[in-house]
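Summary of the model geometry
Okay, here's what each chain looks like letter by letter:
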Amino acid sequence: MHPHILRQFGYEDLLLQFCAVNPGPTADLILPTLKPSDLVPHTYESFANELAQERNNLVTLDAKPTDPFPPRCLTYVTDFLYAADVSPPDPAFLLGCSCTNEDPAAPACGTPNSGCSCAERVTHDQPTSTYKPGPKSRAKGRKRPPAALHSGHYNEERRLIAAKRGDRRTVGVAECAAQCMCPPQCTNRVVQHGVQVRMVVRYDKYKGWAAIADQDVIAGTFVAQYLGEVVTVDEAHARTLTYNRLGYSTYLYDMDFWANEMEDMGLPGIKFAIDAQFKGNVARFFNHSCDANLLAAAVLYDAAEPHHHRLAFFARRDIKRGEELCFDYQGGREETGDDAGSLPEFERLRFECHCGSANCRKVIF
Ligand SMILES: [Zn+2]
Ligand SMILES: [Zn+2]
Ligand SMILES: [Zn+2]
C-alpha cells in the first residue's frame, strides 16, 4: 500500500533512498497509524473544507492558481487525538480552586492576588523545544532558570500577562478546570475556550504554507494551541526518523515543559509528543521567526499530570491584520547548538531561517 501511495505522489526517489538505508518492513515503518484515506491528496477545495472545521469559520484558505499543490494530506482537528497507546488525562485527578466569586466585590480567579490556587500556581519559565530524538538529548546542557512566580496568568481581559510584557521564553500556565468551583466565565479560562482570532492560510514562496492574522490582535491575546496526535516519545522518535528519511518537514513537539521537575521527582521527564504531520490545526502553519510575534505557553487545563500539558500561542505584541503569525521554534533560547546527539549524519537536517528579522539566527534548528 504505502510504496504505491508514495509513488503516486512522486516520492519514488525518497522511498528508494529510505529503503536503501532501512531495509526493514517498509509498510510497517512508514506512518503505521495511517489509513489509505488519510493519504488522499488535497485539492484546494478539500483543503479549504478541512480548514473550515475550525470553530466559527475562523480559519480560511487564500490560494492562487499559481500556488503549489496544497499539503498532501491533512485532517483538521479541533482537539488532541490520543494515540491508542496513550491514556488521555483523567479529570478525576484535577485539583480545583474553591473560588466561587459569590461576592462581586472580591477579585475573581486570575486577577492579581486573587488567592486562587489555579491562577497563583507556581510555574517555571523554561523553554519547550522542538523534538530532538535520542535518549536524554533534551536535558543536555539545560540550566534550570529561576522559578517565576506569576501573580495571575491572565489579566481581567483574559490576556496573558507574560505575552503582554513581550516575553520570549515559553511560560507555564495553569488554567481553571472542571474541578474548580468558579464559573466558566472565570478569567483564568482562556485556551480551553478555543480559537477566537480570524486567520488565513496562504502560500509564501520562501516559507511554504503560512498562517496570517485576518484581524488586528492585541498583545497578550490567545491565538491558537498546537493540536495533533498525542503519541509516546518512542513513537515520536520512530516517526521523526521516518519523516526525515522521506524529506518531510517535522511537525513534532515534545510535551516537555516540566521535564526537569518530573525528573527531580524520579519520574520520566517526557512521556508524550504532539505530531501535527497528518492531523493538525492552524498552528501547524505557524512558521519560525527569530523575532516572533507569538509567545508559546505550556498550559494545563484538563490534566493534573504535567506530562499532558498543552502548547498554546499568544500575541507577544500588537499584531496588525495581514501579518504572518510566527513563533520561535527554539522557545526563546539564545543558543542554536546542534544537539542532534548520537544521530547518524543522515538524520541531521538543518533548516535555514528566512524570517528576515534583524536578530535572525540564520538556522532554525
Ligand atoms: Zn480560582
Ligand atoms: Zn477560576
Ligand atoms: Zn480554578
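Residues numbered from 1 in each chain as written. Chains lettered and ligands numbered in written order. Predicted model: local features only at pLDDT ≥ 70, side-chain atom pairs only at ≥ 80, totals over all residues.

Rule in force here: UniProt positions are given in the numbering used here, feature names are shortened, and annotations may be inferred rather than shown by experiment.
As annotated in an unreviewed UniProt entry, the chain carries the name SET domain-containing protein and is attributed to Catenaria anguillulae PL171. Taken directly from UniProt, the Subcellular location (unreviewed entry) text for the chain runs: "Chromosome".

1. Some details on the overall build of the chain
Filter applied, for reference: Starting at the N terminus, helices and strands are each numbered in turn, a helix being any DSSP run of H or I of at least four residues and a strand any DSSP run of E of at least two. Here exposure depends only on C-beta density: within 10 Å of a residue's C-beta, 20 or more other C-beta atoms make it buried, 12 or fewer make it exposed, and intermediate numbers make it partly exposed, the C-beta atoms being placed from the backbone. Two residues qualify as being in contact provided that their C-beta atoms, derived from the backbone, are within 7 Å of each other.
If you tally the helices and strands in the chain, you get 7 helices and 15 strands. Looking at the chain as a whole, 41% of its 365 residues qualify as buried. Sequence separation of 24 or more characterises 76% of the internal contacts of the chain that already satisfy a separation of 6 or more.

2. A short note on the environment of threonine 75
With respect to the helices, strands and loops of the structure, threonine 75 is situated in strand S2 (residues 75-76). Given 14 C-beta atoms within 10 Å, threonine 75 falls into the partly exposed group. Once the C-alpha coordinates of threonine 75 and glutamate 50 are considered, the two residues, 25 residues apart in sequence, prove to be 6.3 Å apart.

3. Focus: helix H6 (residues 233-246)
Here is the rule: What a helix is expected to span follows from its residue count: subtract one and scale by 1.5 Å.
The first and last C-alpha atoms of H6 sit 20 Å apart over 14 residues, in line with the 20 Å expected at 1.5 Å per residue. Restricting attention to buried positions, one finds in H6 the residues Val233, Glu235, Ala236, Arg239, Thr240 and Arg245.

4. Quick look at the sheet that holds strand S13 (residues 294-300)
Basically, it comes down to this: Note: two strands are recorded as paired if DSSP finds a minimum of 2 bridges between them. As a rule, the C-alpha atoms of each element are fitted with a line to give its axis, helices using only the stretch in contact, and angles between N-to-C directions run from 0 to 180 degrees.
Taken together, the 4 strands give an open sheet; going across it, the order is S4-S13-S14-S7, and neighbouring strands pair in mixed fashion. Lying at the two open borders of the sheet, with one neighbouring strand each, are strand S4 (171-174) and strand S7 (222-225). Across this sheet, the average inter-strand angle for adjacent strands is 35°, counted without regard to direction.

5. Looking at the sheet that holds strand S3 (residues 81-82)
Across the sheet, 4 strands lie side by side as S3-S8-S10-S9; this open sheet has mixed pairing. Two strands bound the open sheet, and with one partner strand each, they are S3 and strand S9 (252-254). When S9 meets strand S10 (residues 272-275), the two strands line up antiparallel, connected through 3 bridges. Looking across to S10, one finds that tyrosine 253 is bridged to isoleucine 274. Its contacts with the sheet place H6 against strand S8 (229-232), S9 and S10, and it is angled at close to 100° to S8.

6. Notes on the pairing of S8
Pairing of S3 with S8, which is carried by 2 bridges, proceeds in the parallel orientation. Directly across from tyrosine 82, in S8, lies its bridge partner valine 230. Bridge count for S8 against S10 is 4 bridges, and the pairing is antiparallel. Bridge assignment links glutamate 229 to a residue of S10, and that residue is aspartate 275.

7. A look at the environment of glutamate 235
Locating glutamate 235 in the fold gives a position in helix H6. Spatially, the C-alpha atom of glutamate 235 lies 8.8 Å from that of phenylalanine 272, the residues being 37 residues apart in sequence.

8. Points about the nonpolar core
For soluble globular proteins, nonpolar side chains are generally found buried alongside one another. What counts here: Each nonpolar core comprises buried Ala, Val, Leu, Ile, Met, Phe, Trp, Tyr and Cys residues, the members being joined through C-beta atoms within 7 Å.
By size, the foremost hydrophobic cluster in this structure holds 79 residues, and its most contacted members are Val223, Leu294, Ala297, Phe313 and Phe314. Ranked by residue count, the leading element in this core is S13, at 7 residues. Filtering out sequence-adjacent residues up to four positions away, valine 223 remains in contact with Val197, Val217, Leu294, Phe313, Phe314, Ala315 and Leu325.

9. A look at helix H4 (residues 44-51)
This is how it is decided: Starting at the helix axis, one direction is taken to each C-beta atom, and the arc is that of these directions.
When we look at burial in H4, the residues that qualify are Phe47, Glu50 and Leu51. All buried residues of H4 fall inside an arc of 100° around its axis, so they share one side. Among the structural elements, strand S1 (59-62), S2 and strand S5 (199-204) are those in contact with the buried residues of H4.

10. Description of the environment of glutamine 179
You can see glutamine 179 is positioned in the loop between S4 and S5. A residue is classified by how many C-beta atoms lie within 10 Å of it, and glutamine 179, with 14 of them, is partly exposed. Here the alpha-carbon distance between glutamine 179 and glycine 96, two residues 83 residues apart in the chain, equals 4.5 Å. Beyond its immediate stretch of four places on either side in the chain, glutamine 179 contacts Pro91, Leu94, Leu95 and Gly96.

11. Thoughts on the confidence of the model for the chain
Note: predicted coordinates in regions of low pLDDT should not be interpreted at a detailed level. Rules: For every residue, the predictor reports its confidence as pLDDT, a number between 0 and 100.
Of the residues in the chain, 70% reach a pLDDT of 70 or more, and the chain-wide mean stands at 77. Scored below 50 in pLDDT, residues 1-33 makes 31 contacts in the model with residues more than four places away or belonging to other chains. Ignoring residues within four places in sequence, the model shows residues 124-150, a span with pLDDT below 50, making 68 contacts including any to other chains.

12. Here we look at unusual backbone geometry
One non-glycine residue, asparagine 57, lies in the positive phi region at around 50°. Here asparagine 57 shows up in the loop between H4 and S1. C-beta crowding within 10 Å serves as the criterion here: with 10 such atoms nearby, asparagine 57 is assigned to the exposed category.

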